[in-house]
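# Observations on the three-dimensional arrangement
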There are 2 protein chains.
Amino acid sequence: MAKRFEDALGDLPRLKRLIQASEFDLVVAASPENVLYTSDVFISTQVDIRDRLALVVWDGVREPVFILCRVEEGFAREEGWITDIRAYKEFVTSPIDMLAEVIDELGASRGHVGLELDYLPAIYYERLRALLPNARFGRAEPVFDRARVIKTPRERDRLAEGFRGTERALKEAFLATRPGDTERDMCFRLADGILRHGAESVAFTHINGGPNTGFPHKDPSDYRVKRGDILKADAGGRYGRYYSNVGRTAKLGPLNDEDRSWWSRLREIHHELIDMVRPGNTGRQLFERATALHERHGIPFPYAHNGHGLGLLVHERPLISPHEDMAFEPGMMSTIETRVRWVGKCGYHMEDLLEVTEGSPVLRSDYFDNEEILVVDA
Amino acid sequence: MAKRFEDALGDLPRLKRLIQASEFDLVVAASPENVLYTSDVFISTQVDIRDRLALVVWDGVREPVFILCRVEEGFAREEGWITDIRAYKEFVTSPIDMLAEVIDELGASRGHVGLELDYLPAIYYERLRALLPNARFGRAEPVFDRARVIKTPRERDRLAEGFRGTERALKEAFLATRPGDTERDMCFRLADGILRHGAESVAFTHINGGPNTGFPHKDPSDYRVKRGDILKADAGGRYGRYYSNVGRTAKLGPLNDEDRSWWSRLREIHHELIDMVRPGNTGRQLFERATALHERHGIPFPYAHNGHGLGLLVHERPLISPHEDMAFEPGMMSTIETRVRWVGKCGYHMEDLLEVTEGSPVLRSDYFDNEEILVVDA
């Protein structure tokens, strides 16, 4: 039984208004995240089998049309709220040919159509232009982005629950680590914990020790951790479709002065940046401030960003990066990540989730406190 | 320390020959699977953060050039064999602008360039054409496909190990199921087992009971299984980068005549199709035979395919589908999947891995025998 429009997880009335207010006659969702946001249906094979396109066509006025592979039709009818489903038989009917027909049927074959041109593969775009030579095409990404950047209370709670689940998994995985364990042992416990604490799937589990902490995303290896090693993790799962992305650092054995010195400087930067997650500030401003703070503390800062929105994707706007001019607004969720790395030697990392409110930012990742580096097996 | 060309997992000498023999002056790998195949480096953020492009440019004669995000450079130097790495700073330098420069540097700015047009997003293709107005572009997919369809012995063993790990996980998850368990309980045990038996990550865990077995890929729900329910799973993980994809069916309680009747007919079809996985036969021929066999046995066959190659992707060529004219050759690996489903009511499923040899096909998924439906808690 299809659910109702109002029961969708994302803010569909907002998306509807944005489509109406856009320059487009209609927009086409094509990426897994925008198809999910628009339809409330997650077509997992759309991710694993890339040419099995799923598309939602919406003019923001009438009912949307959902184009998908026939094998997923029953599922989409049960999970989603869209009733006008056009199912294609894979390898027989082309989803792009079907899309051209739907655009024509909706009266936009000479109109302005918004596409996700940063997702839709070139070959399909070429075909669509050939089929609809009189249509004009533009980028629909800003429409979807503007809808998704503001999270509903349900979306915010889901993100916070995901961070909490991943923080628990990380804390348990660190505390269970003993000298002689491999990175793969740590990774297994971490992935296990992510699932145990509520995720439907593990997204990434970069957990490393000793010299491997000097890389941002190194796969867990057979390296055996030893006393005195820093342990570092950047991990996430999908919890009710929403990503978590937590960074934490621990030490196998007691901290030394060097650990304390780096960490206290990183924490100072971290707190200053968190305090800037307020309405009106932009990612560009935070990034510039981060650049200055790292310089003042003598910490290298070669990164392209130091935090990001997240939701149905692990990196969403607004990014905390030099070109981000979208200002924070209440209801946005952002990570702040502060770190230092020396390739192949050592690294420290922290990444937290903040909710933008009318007033002070609210820390939504407070289960695994990281004011100090977690000491394991001291 | 970079590894050597010869130590890469894929068959690089074969890819090199295919590039030389192609109509292209050079080809550009852009998808995660072809970048991995070509470089031996798996950039996980390329998947999670789609616009963080990684590209390998190769003319099949000189050394390839690897374009990637600076944050991954250290990792790529350690893991891969390509030494000419051009790292871009995200949000500052565009990887596509860098690609245009490399193509020009390699003397192909007026040449014929092979791109993965079914992967590369439209916006990047438009940009590249604007930057290189005198180049001609074509689809490089056939070059990569032809290389990847034949698996090296190491790739074949890795696939078989992956299937074995997933079969163990499935068998254990089924056998641990008791009346009153939810699908989520079953899913958790399954995901846990996939990791415990050697996967670095869980890819998909469609495990369902009772009426939900009537869907192909339904997410595990809070449905509580009861005695008399069919349990059905289609699951996979990534084992050393290579996908597994196993289908199995069990019953919570004793089998009845209806179960035996459907299953024995499905098994008969399954065996006949497996026997056709021999050099010279095509996916089209197998699909046509499957259509006839299902009709003879009175089993609906509304599917678009009934098996597929797999490797770095879960669906690779050759597909067993009505348009596949690529003939089997020794060294190929293919699944055969045989199933019946009544939406929202019930379904049975089996999916196995076959190796194509000079002679008879070899079953490489023989840990969890499914000649009979597995009976749980009889």
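Residues numbered from 1 in each chain as written. Chains lettered and ligands numbered in written order. Predicted model: local features only at pLDDT ≥ 70, side-chain atom pairs only at ≥ 80, totals over all residues. Heavy atoms only, no water.

All names here are of chain A. Reading across the sheet, the six strands line up as E4-E3-E2-E1-E5-E6 and stay open at both edges, with mixed pairing between neighbours. Two strands bound the open sheet, and with one partner strand each, they are strand E4 (85–88) and strand E6 (136–139). Averaged over neighbouring strand pairs, the angle between their axes works out to 20 degrees when direction is ignored. Sheet analysis places strand E3 (residues 65–69) next to E4, joined by four bridges and oriented parallel. When the bridges of E4 are listed, Cys69 appears paired with Tyr88. Here helix H2 (residues 32–39) sits on the sheet and contacts strand E1 (26–29), strand E2 (55–58) and E3; the angle it forms with E2, its principal contact strand, is near 55 degrees. (Pairing = 2+ DSSP bridges. Helix = DSSP H or I, 4+ residues; strand = E, 2+ residues; numbered from the N terminus. Axes fitted to C-alpha atoms, helices over the stretch in contact; angles between N-to-C directions. Contact = heavy atoms within 4.5 Å.)

All names here are of chain B. Ordered by their spatial adjacency, six strands build an open sheet running E4-E3-E2-E1-E5-E6, and the pairing between neighbours is mixed. The sheet is open, and its two borders are formed by strand E4 (85–88) and strand E6 (136–139), each paired with just one other strand. Put simply, the sheet's adjacent strands are angled 20 degrees from each other on average, direction ignored. Bridge count for strand E1 (residues 26–29) against strand E2 (residues 55–58) is three bridges, and the pairing is antiparallel. Residue pairing for E2: Ala29 is matched across the bridge by Val56.

Residues and elements named next belong to chain B. Burial runs high along helix H2 (residues 32–39): eight of the eight residues are buried. The complete set of buried residues in H2 reads Pro32, Glu33, Asn34, Val35, Leu36, Tyr37, Thr38 and Ser39. At the C-terminal side of H2, Asp40 shows a positive phi close to 70 degrees. (Buried < 20%, exposed > 50% of the residue type's maximum accessible area, 1.4 Å probe, protein only.)

Further remarks concern the environment of Ile82 of chain B. All names here are of chain B. Counting through the fold element by element, Ile82 comes out in the loop between helix H4 (73–79) and E4. Taking C-alpha positions, Ile82 is 6.9 Å from Phe66, a pair spaced 16 residues apart along the chain. Excluding anything up to four places from it in sequence, Ile82 contacts Thr38, Ser39, Val56, Pro64 and Phe66.

Before going further, it helps to spend a moment on unusual backbone geometry. All names here are of chain A. With omega at -5 degrees, the peptide bond leading from Arg317 into Pro318 counts as cis. If you trace the backbone, Pro318 turns up in strand E12 (residues 316–319). Located in the positive-phi region is Arg241, a residue other than glycine, with phi close to 80 degrees. One can find Arg241 in the loop between strand E8 (230–239) and strand E9 (242–243).

Listed as interface residues are 61 residues of chain A and, on the opposing side, 61 residues of chain B. Summing both sides of the interface, chain A and chain B together bury roughly 4900 Å²; the carbon and sulfur share of this comes to 56%. Per-residue buried area on chain A facing chain B is highest for Asp48, Arg50 and Phe91 of chain A; these three make up 13% of the total on that side. Between Glu126 of chain B and Arg129 of chain A there is a salt bridge, with its nearest N and O atoms 3.4 Å apart. Our count for the chain A to chain B interface comes out at 10 residue pairs in polar contact (both at pLDDT 80 or more). Looking at the side of chain A that touches chain B element by element, the count peaks at six residues for helix H9 (residues 183–196) of chain A. Tallied by class, residues from the side of chain A that touches chain B come to 28 nonpolar, 11 polar and 22 charged. (Buried area = accessible area lost by both parts, 1.4 Å probe. Salt bridge = Lys/Arg side-chain N within 4 Å of Asp/Glu carboxyl O. Polar contact = N/O pair within 3.5 Å; in protein donor to acceptor, adjacent residues only side chain to side chain. Nonpolar A, V, L, I, M, F, W, Y, C, P; charged D, E, K, R; others polar.)

Below, the discussion takes up the nonpolar core. Core analysis: the largest hydrophobic core is formed by 128 residues, its most contacted members being Leu15, Phe66 and Phe174 of chain A together with Leu15, Phe66 and Phe174 of chain B. The contacts of Phe174 of chain A, once residues within four sequence positions are left out, are Ile207, Leu231, Lys232, Ala233, Arg248, Thr249, Ala250, Phe368, Leu374 and Val376 of chain A. (Core = buried A, V, L, I, M, F, W, Y, C linked by side-chain atoms within 4.5 Å.)

Now for the environment of Gly165 of chain B. All names here are of chain B. Considering the arrangement of structural elements, one finds Gly165 in helix H8 (residues 153–175). Residues Gly165 and Tyr367 lie 202 residues apart in sequence; the distance between their C-alpha atoms is 8.8 Å. Apart from residues lying up to four places away in sequence, Gly165 is in contact with His197 and Tyr239.

Geometric descriptors of this kind do not, in isolation, establish any biological role.
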